[in-house]
Amino acid sequence: MPTDHPKEAFGSAVERREDAALVTGEAEYTADISLPGTAHAAILRSRYAHARIENIDTSDAEAHDGVIAVYTGADIDESGVPNDIPTAWLLPGLVTPQYKILATDKTRHTGDGIAVVVAEDRYIAQDALGLIDVTYERLDAVTDPAAAVEESAPTVHEEAPDNVAFDWELGDGDAVDEAFETAAHTAEVDLVQQRIIPNAMEPRAALADFDTATEKLTLWMTSQNPHLHRLLLSTGTLGLPEQKIDVIAPEVGGGFGSKIYHYPDEAVVAWCSMQLGRPVKWQATRSEGYVTDCHGRDHVTEGAIALDEDGNITALRVETHAGLGAFLSQFATATPSYLYGTILSSEYDIPAIHCRVVGAFTTTTPVDAYRGAGRAEGIYVTERLVDVAAREADFDPVELRRRNLIDADDFPFETSVAVVYDSGDYEKAMDEALDIVGYDDLRERQEELRSEGRYLGIGVACFVESAGLAPSQTAGELGSQAGLWESGLVRVHPTGTATVFCGTADQGQGHRTTYAQIAATELGIPYEDIEIVEGDTDQIPEGRGTYGSRSAPVGGGAIAQSAGKVVEKARTIAAHQLEADVGDITFEEGAFEVAGAPERSLTIQEVAQQAYLAHDMPDDVEPGLEATSFYDPENFTFPFGTHVAVVEVDPESGEIDIERYVAVDDCGKQINPMIVEGQIHGGIAQGIGAALFEGAVYDDNGTLVTGSMQDYTVPKAGQLPNFETGTTETPSPHNPLGVKGVGESATIAAEPAMVNAVVDALEPFGIDHLDMPLTPEKLWRATNENP
């Protein structure tokens, strides 16, 4: 029998097995890897947001001691590679300009790559960049997505003279118009969701090694999606056969979405290795990452909500201009469309919703999915509208929410924006959050403090997240250029230990822990006897990566499905060994028994030994004990919850004191409650960061003013409160584990919770909305302008 109780693995707060190497410095990152003969690359980046390249003189750089080669975009063009980074989600009428790995005609954002220097060390390469002489013709810039589509705006791409990449709609506009015409109350809000710059612990890096004998490229890189990178390097930029590329992601140091995409940089490094026949390494600096790593958000939105006399929401109208940046990154089109419009119903039964999104090219860093992608933007709009409507119609914001929550008996629930929520009890989660925070007492205290000239605010935010985007067929019908299944290979070795290979790619979520818990439970093998392998395209059959809170519901589902196949094969072998019918064999806690005869049993370890000895096997059963699954869920999962923020605002200084933050989340079955809580803590921190501190700022020339941590504020631990967390548990019927995903939920909820709290505090000043980030200066100006 097994040495522990595998059934206890799933659902236990097992300590993360990843942490020992990470906290002791033993973990290996891309920057730590060095091969014999490695050269180093540095990329010359445009100082201008928008300029025509008239001439590039590389002669002085080429003559510099230690420089091996200098290449420009023209050299890459002449090499005959495809040289075009494709988008991964098509929309009707989408304009897709070529996205080269080095610019040749124009630079379209500050940081656009122009040339690459390869030298014997990275310092020589950096020094040589200053010797490249580029002659530019400066052009006007445009950074605001709404201004970009105006007639007077400069054109970013000739293929899109009006800078419109797409004009997308969802919902029933006529029904919405009718609801507004008959509404007892309406409310509007114009809001901006600012650009967010991702700040992973490790900046992006790549080490390419092209073997001229085998014509195979091995690429170590910071990737959330190694198989996608391999595919796009093959079909989009380099043209190598896919089987001739191995992408390996060692420790990644965080991603938050920014390491999903195929950037020009890894293609440039790989191309240089192909030209030189030696390893080439590139490591981004932090400031380089600020102008190259895909930013998040960047929405300018007009929203409106309609209520009847009883406070029932009858309609929602949303029109958004979404900034895409200078080029279309992989999921740039999906994030502000299908990941945004489909979540606008939030937790509410809203009969009519209409959403229109205009995606605009601007002379800025490309925008793509950032933690909470699309869902954070959509929930923010709805939760701000509900708060504004509550004030307009004289409802307590909690009471207005309660009146409109989808009833627990109505699941599965089809919203008016084309999705079907799987399961939930929204009121239960909200009640728990309100009970923890003591909502009624807080409202009384708020009134008392206002009489003393102090301004307490209570912000409530309900949310739904769509996680584990699926199934592939539906996604394909909506424009996805990739399947959304996940692969899982479970191999039980002759000694009864196991290795699990999964196509996701951990960048801090704890997959090596949670996946081992799944496998231990399904296989009946001790947790410590299971190894997890991710992040290497040569070892793993295929994969779709880690993003969109998909690892647990889709990656975990693939592992569970494969483990189930292994158990069924082992059951057949056990029945043969025990001379019993397969239907009479039970399996529990790692042991196969003949029903009614517990003395006739074999452990899974004993069955594994027989499977590999193959001396006495059932007819038509092959030796070995492993199985592979490509798991394609029937639908998304929909985590949900309620967060409550309590703040006090000092109008004399604009300072915000976060008194309490309560989060109640429901992510279905929890594989590891400790990891769930860690994900919630991290998500809240990023949401508070966006609400109060973070925001990319460009000047009129398109220069990123917040180009380093000296100017871009990331919250410190001391600026965050203690988080009070609670959970409810509503299993999802859409995957075999009943899990829903949790990686982005708290970020989605935290932004509206914080803004609702601050605006609630400032109600006596006549303030009904302020855009993020809610900096002290912004609050001071608002309260002094509205005495």
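For the structure, check the block above.
Procedures and definitions
Residues numbered from 1 in each chain as written. Predicted model: local features only at pLDDT ≥ 70, side-chain atom pairs only at ≥ 80, totals over all residues. Heavy atoms only, no water. Pairing = 2+ DSSP bridges. Helix = DSSP H or I, 4+ residues; strand = E, 2+ residues; numbered from the N terminus. Axes fitted to C-alpha atoms, helices over the stretch in contact; angles between N-to-C directions. Contact = heavy atoms within 4.5 Å. Expected span 1.5 Å × (residues − 1). Polar contact = N/O pair within 3.5 Å; in protein donor to acceptor, adjacent residues only side chain to side chain. Phe/Tyr/Trp six-rings, centres within 6.5 Å; stacked < 30°, edge-to-face > 60°. Buried < 20%, exposed > 50% of the residue type's maximum accessible area, 1.4 Å probe, protein only. Lys NZ or Arg CZ within 6 Å of the ring centre and 35° of its normal. Core = buried A, V, L, I, M, F, W, Y, C linked by side-chain atoms within 4.5 Å. Patch = residues over 30% accessible without salt bridge, like charges linked within 9 Å, V, L, I, M, F, W, Y side chains within 5 Å. Areas by Shrake-Rupley, 256 points an atom, 1.4 Å probe, with all protein chains shown as cover. Salt bridge = Lys/Arg side-chain N within 4 Å of Asp/Glu carboxyl O. Lys, Arg positive; Asp, Glu negative; His and termini not counted. Charge placed at Lys NZ, Arg CZ, Asp CG, Glu CD.

Peer 1: Please clarify how the sheet that holds strand S19 (residues 486-492) should be interpreted in this entry.
Peer 2: The strands that make up a sheet pair up through hydrogen bonds in the backbone, lying either parallel or antiparallel. The sheet built from four strands is open, its strands ordered S21-S20-S19-S25 with mixed pairing. Every other strand in the sheet has two partners, leaving strand S21 (530-533) and strand S25 (626-631) as the edge strands with one partner each. Between one strand axis and the next, the sheet turns through 15° on average, direction left out of account. Two strands pair when backbone bridges link them, and S19 and S25 are joined in this way by six bridges, in the antiparallel orientation. Bridge pairing in S25 links Glu486 to Tyr631. Its contacts with the sheet place helix H15 (residues 511-523) against S19, strand S20 (498-502) and S21, and it is angled at close to 130° to S21. Relative to the sheet, helix H16 (residues 551-578) contacts S19, S20 and S25, its axis offset from that of S25 by approximately 145°.

Peer 1: How should the sheet that holds strand S10 (residues 216-221) be read in this particular structure?
Peer 2: Pairing in this open sheet of seven strands is mixed, and the strands run S3-S5-S1-S12-S9-S10-S11 from one edge to the other. In this open sheet, the two strands that pair with only one neighbour each are strand S3 (67-72) and strand S11 (245-248). Strand after strand, the sheet turns through a mean of 20° between neighbouring axes, direction not considered. Helix H7 (residues 226-238) rests against S10 and S11 of the sheet, and its axis sits at about 140° to S11. Lying on the sheet, helix H8 (residues 264-276) is in contact with strand S1 (39-45), S3, strand S5 (113-119), strand S9 (205-211), S10 and strand S12 (280-283); it crosses S9 at an angle near 30°.

Peer 1: I would appreciate a short explanation of helix H18 (residues 673-693) in the present structure.
Peer 2: Helical geometry note: an α-helix holds 3.6 residues per turn, so side chains three or four residues apart project in the same direction. Its 21 residues give H18 an end-to-end C-alpha distance of 29 Å, which sits within 8% of 30 Å, the value for a rise of 1.5 Å per residue. Measuring from the side-chain oxygen of the N-cap residue of H18 to the backbone nitrogen of Met674 gives 3.0 Å; that N-cap residue is Asn672.

Peer 1: How should I be thinking about the packing of aromatic side chains in this particular structure?
Peer 2: How two aromatic rings sit relative to each other is set out by the distance from centre to centre and by the angle between their planes. In total, this model carries 17 aromatic pairs according to the counting rule given. Where Tyr290 meets Tyr712, the ring centres are 5.7 Å apart and the plane angle is 85°; that geometry is what we call edge-to-face. Remark: Tyr712 occurs in the loop between H18 and strand S28 (723-727) and Tyr290 occurs in helix H9 (residues 286-292); sequence separation between them is 422 residues. The two residues Tyr290 and Tyr712 agree in class, both being buried. Between the aromatic rings of Tyr426 and Phe640, the centroid separation amounts to 4.8 Å while the plane-to-plane angle is 65°, which identifies the pairing as edge-to-face. Residue Tyr426 is located in helix H12 (residues 426-437), and its partner Phe640 is located in strand S26 (residues 640-650); the two are separated by 214 residues in the primary sequence. Its relative accessible area of 0% is what places Tyr426 among the buried residues. An aromatic cluster of at least three residues, connected via ring pairs, comprises Phe411, Tyr421, Tyr426, Phe636, Phe638 and Phe640. Sitting over the face of the ring of Tyr263, Arg204 holds its NZ or CZ atom 3.7 Å from the ring centroid.

Peer 1: Would you explain the side chain of His109 in this entry?
Peer 2: Counting through the fold element by element, His109 comes out in the loop between strand S4 (106-107) and S5. Taking relative accessible area as the criterion, His109 reaches 5% and is therefore assigned buried. Contact partners of His109, with chain neighbours within four places excluded, come to Ser46, Tyr48, Ala49, Val291, Ala326, Phe327, Thr363, Thr364, Thr365 and Pro366.

Peer 1: Honestly, the pairing of strand S24 (residues 597-603) in this entry has me stumped. Any pointers?
Peer 2: Side-chain direction in a regular strand flips from residue to residue, so the side chains alternate between the two faces of the sheet. Across four bridges, the pairing between strand S23 (residues 591-594) and S24 is antiparallel. Opposite Ala591, over in S24, you have Thr603 as the bridge partner. A loop of two residues connects S23 with S24, the two strands running antiparallel in sequence, and Gly596 in this loop sits at a positive phi of about 80°.

Peer 1: For this particular structure, what's the right way to read H15?
Peer 2: A rise of 1.5 Å per residue sets the reference length of H15, with its 13 residues, at 18 Å; its end C-alpha atoms lie 17 Å apart and thus fit the reference within 8%. H15 sits mainly inside the fold: 10 of its 13 residues count as buried. Buried within H15 we find His511, Thr513, Thr514, Tyr515, Ala516, Gln517, Ile518, Ala519, Ala520 and Leu523. The first or second residue beyond H15 is Gly524, which carries a positive phi of 75°.

Peer 1: Can you help me understand the environment of Gly707 in this one?
Peer 2: Mapped onto the elements of the fold, Gly707 is located in the loop between H18 and S28. Classification of Gly707 by relative accessible area gives buried; the value is 18%. Distance from Gly707 to Ala696, taken between C-alpha atoms, is 8.1 Å for residues 11 residues apart in sequence.

Peer 1: I'm lost on the side chain of Thr382 in this one. Help?
Peer 2: With respect to the secondary-structure elements, Thr382 resides in helix H10 (residues 375-392). By relative accessible area, Thr382 is classed as buried at 0%. The residues contacting Thr382, other than those within four sequence positions of it, are Leu316, Leu344, Ser346 and Tyr348.

Peer 1: Mind showing me how you'd approach the nonpolar core here?
Peer 2: General note: in soluble globular proteins, nonpolar side chains tend to be found buried as a group. Membership of the largest hydrophobic core comes to 129 residues, with the highest contact counts inside it found for Ile305, Tyr421, Ile656, Tyr661, Ile688, Leu692 and Met754. In terms of residue count, the dominant contributor to this core is helix H19 (residues 745-761) (11 residues).

Peer 1: Is there a simple way to think about the pairing of S23 in this case?
Peer 2: In this structure, strand S22 (residues 585-588) lies alongside S23, joined through four bridges in antiparallel fashion. Pairing of Phe587 across the sheet is with Phe592, part of S23. Hairpin remark: S22 followed by S23, antiparallel, with two residues in the connecting loop; positive phi at Glu589, about 50°.

Peer 1: Could you clarify how one ought to interpret a negative patch on the surface in this entry?
Peer 2: A cluster of like negative charges, contributed by Asp440, Asp441, Glu444, Glu448 and Glu452, occupies part of the molecular surface. Tracing the backbone through its elements, the reader meets Asp441 in helix H13 (residues 439-451).

Peer 1: I tried to follow unusual backbone geometry on my own but got confused; where do I start?
Peer 2: Glycine aside, residues mostly have negative phi, and peptide bonds are mostly found in the trans state. Cis rather than trans, the peptide bond between Phe411 and Pro412 has omega equal to -5°. On the secondary structure map, Pro412 appears in the loop between helix H11 (397-404) and strand S16 (413-414). Residues Met772 and Pro773 are joined by a peptide bond in cis, for which omega reads -10°. Structurally, Pro773 can be placed in the loop between H19 and helix H20 (776-785).

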